[in-house]
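Residue-level structural notes
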Amino acid sequence: MIDCHTHTCNSPDAENTVSELCEQAIALGLDVLAITEHCEVNRFYSIEYYNATPNGYDTYNFDLSFEKSMQDNTKAQQKYHNRLNLISGIELGQATHDFELAEKIISDERLDFVIGSMHQLPNHDDFAFINYNEVDIPSLLSENYFEVLKLCRWGKFDVLGHLTYTLRYIGNYGITVDMKSYDEIIVECFKALINSGKGIEINSSGLRQTYGKTFPDFNYIKLYKDLGGEILTVGSDSHSIHDLTKGIPEGIELAKLAGFKYVCYFKKRKPYFIKI
Ligand SMILES: [Zn+2]
Ligand SMILES: [Zn+2]
């Protein structure tokens, strides 16, 4: 059992400590646990640095939480070294907003694993806080996939996080989206990832949300495989110890159905393959 996408209280929206998560992982018999805290590139420094007005939901100072996370993860790696293969990662949000800063952040040698995610577009709210009754969803999604393509072409992370993440929030509004019009650009994203030896993740969090499927769903997992994709991680995106490993067996089943024989985890930014 493996879980390559988890958060602790070193992320602003998660609850348990690193020790609590590690203890739970050991209790569940996990072989590999990756802790991947949020690190939003566009809000890395203080609110004063960006001269932004507080809006009650955006959090800043990921510079501080990143350092705290690296320290806590390193301590936990020592403490649990003979009981758990603990991967010290991050979920790097919006690298496209500042590639230079993103590169500086991920040059930290304590990092084992980097998930590249897109939670927010330039000049938009974070996807979690958009009112989908008031926006033009097709144009928002097409902007999103152009930004994701830019991220994939930069390609300095290890796996692309939750490719179809926006559907989680759109789904909460009871709105369904025909993804066909984005297939062409998603193919370009996959090709860019495959060419640079980068991968995707199956994020199982959608299975416990209104959306009800993994991010991305089976069709895209299969498309990635058919285009030659080999690097695949699976993660629950748990924000509480109760969600650790939730949906991972289902995610691995989808990987097998799509033709994958292995899933990966990363240590010191190198992929290790586990037979499934
Ligand atoms: Zn995310
Ligand atoms: Zn996450």
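Located above this text is the structure these notes cover.
The rules we used
- Residues numbered from 1 in each chain as written.
- Chains lettered and ligands numbered in written order.
- Predicted model: local features only at pLDDT ≥ 70, side-chain atom pairs only at ≥ 80, totals over all residues.
- Helix = DSSP H or I, 4+ residues; strand = E, 2+ residues; numbered from the N terminus.
- Contact = placed C-beta atoms within 7 Å.
- Axes fitted to C-alpha atoms, helices over the stretch in contact; angles between N-to-C directions.
- Parallel < 35°, antiparallel > 145°, perpendicular 65-115°, else oblique.
- Left-handed = near helix turned anticlockwise from the far one by under 90°.
- Pairing = 2+ DSSP bridges.
- Expected span 1.5 Å × (residues − 1).
- Buried ≥ 20, exposed ≤ 12 C-beta atoms within 10 Å, placed from the backbone.
- Arc of directions from axis to C-beta.
- Core = buried A, V, L, I, M, F, W, Y, C linked by C-beta atoms within 7 Å.
- Nonpolar A, V, L, I, M, F, W, Y, C, P; charged D, E, K, R; others polar.

Observations regarding the overall build of the protein chain
Broken down by element type, the protein chain carries nine helices and nine strands. Here the C-alpha coordinates of the protein chain stretch approximately 50 × 50 × 35 Å along the principal axes. Of the contacts made within the protein chain by residues no fewer than 6 positions apart, 76% connect residues no fewer than 24 positions apart.

A look at the packing of helix H5 (residues 137-154) against helix H7 (residues 183-195)
H7 packs onto H5 with a crossing angle of 10° between their chain directions and a minimal axis gap of 8 Å. If you check the angle between H5 and H7, you find them roughly parallel. Our pair here, H5 against H7, has a crossing hand that is left-handed. Touching Tyr145, Phe146, Val148, Leu149, Cys152 and Arg153 of H5 are Ile185, Ile186, Glu188, Cys189, Ala192 and Leu193, all from H7.

Comments concerning the sheet that holds strand E2 (residues 32-40)
Read from one edge of the open sheet, seven strands run E1-E2-E3-E4-E5-E6-E7, paired in parallel fashion. On the outer flanks of this sheet lie strand E1 (2-6) and strand E7 (232-235), each paired with one strand and no other. In the sheet, strand E5 (residues 159-160) pairs with strand E6 (residues 199-203) via two bridges, with the strands oriented parallel. Residue pairing across strands places Val159 opposite Gly199, the latter belonging to E6. Contacts between helix H9 (residues 248-257) and the sheet are confined to E1, E6 and E7, with E7 contributing the most and set at about 155° to the helix.

Re helix H3 (residues 62-79)
Taking 1.5 Å of rise per residue, the 18 residues of H3 would be expected to cover 26 Å, and the 25 Å separating its terminal C-alpha atoms lies within 8% of that figure. Among the residues making up H3, those that are buried are Phe62, Ser65, Phe66, Ser69, Asn73 and Ala76. The arc that holds the buried residues of H3, viewed along the axis, is 100°, so those residues lie on one side. Of the exposed residues in H3, the ones pointing more than 90 degrees away from its buried face are Lys75 and Gln78. Along its buried surface, H3 packs onto helix H1 (18-27), E2, strand E3 (85-93) and helix H4 (99-106).

A word on the pairing of strand E9 (residues 270-275)
Sheet topology note: the strand E8 (residues 262-267)/E9 ladder contains six bridges and is antiparallel. In the strand pairing of E9, Cys264 is matched with Phe273. Two successive antiparallel strands, E8 and E9, enclose a turn made up of two residues, where Lys268 displays a positive phi of approximately 50°.

A short note on the environment of Tyr145
Mapped onto the fold, Tyr145 is located in helix H5. Considering only alpha carbons, one finds Tyr145 and Leu227, 82 residues apart in sequence, at a separation of 18 Å. Discounting chain neighbours no more than four positions away, the residues touching Tyr145 are Tyr182, Ile185 and Ile186.

Remarks on the environment of Gln24
Along the chain, the position of Gln24 falls in helix H1. A residue is classified by how many C-beta atoms lie within 10 Å of it, and Gln24, with 20 of them, is buried. Between the C-alpha atom of Gln24 and that of Tyr169, which follows or precedes it by 145 residues, the distance is 28 Å. With residues near it in sequence (within four places) discarded, Gln24 still touches Ile241 and Leu244.

Let's talk about the nonpolar core
Leu33, Leu92 and Ala255 are the most contacted members of the largest nonpolar core, which totals 64 residues. Setting aside residues no more than four positions away along its own chain, Leu92 makes contact with Cys39, Val41, Ala102, Ile105, Ile106, Val114, Ile115, Gly116, Ser117 and Phe157.

Some words on the pairing of E7
Because side chains alternate across E7, one face comprises the buried residues Leu232 and Val234, and the other comprises Thr233 and Gly235, equally buried. The pairing of E6 with E7 spans four bridges and is classified as parallel. Bridge pairing in E7 places Glu201 opposite Thr233.

A short note on the packing of H1 against H3
Remark: H1 packs on H3, axes separated minimally by 10 Å, with the N-to-C direction vectors making an angle of 40°. Between H1 and H3, the interaxial angle falls into the category oblique. Relative to H3, H1 is oriented so that their crossing is right-handed. Note on element contacts: H3 touches H1 through Asp72, Asn73 and Ala76, opposite Val18, Ser19 and Cys22. Looking at the contact of H1 with H3 residue by residue, the classes come out as three nonpolar, two polar and one charged.

Structural notes on unusual backbone geometry
The general pattern is negative phi for most residues beyond glycine and trans for most peptide bonds. In this structure, Pro216 follows Phe215 across a cis peptide bond, with omega equal to -5°. Tracing the backbone shows Pro216 in the loop between E6 and helix H8 (218-226). A positive phi angle is found at Asn51, which is not glycine, with a value near 55°. By the secondary structure assignment, Asn51 is in the loop between helix H2 (47-50) and H3. For Asn51, a count of 6 C-beta atoms within 10 Å corresponds to the exposed category. Positive phi outside glycine occurs at Lys268, with the angle close to 50°. With respect to the secondary-structure elements, Lys268 resides in the loop between E8 and E9.

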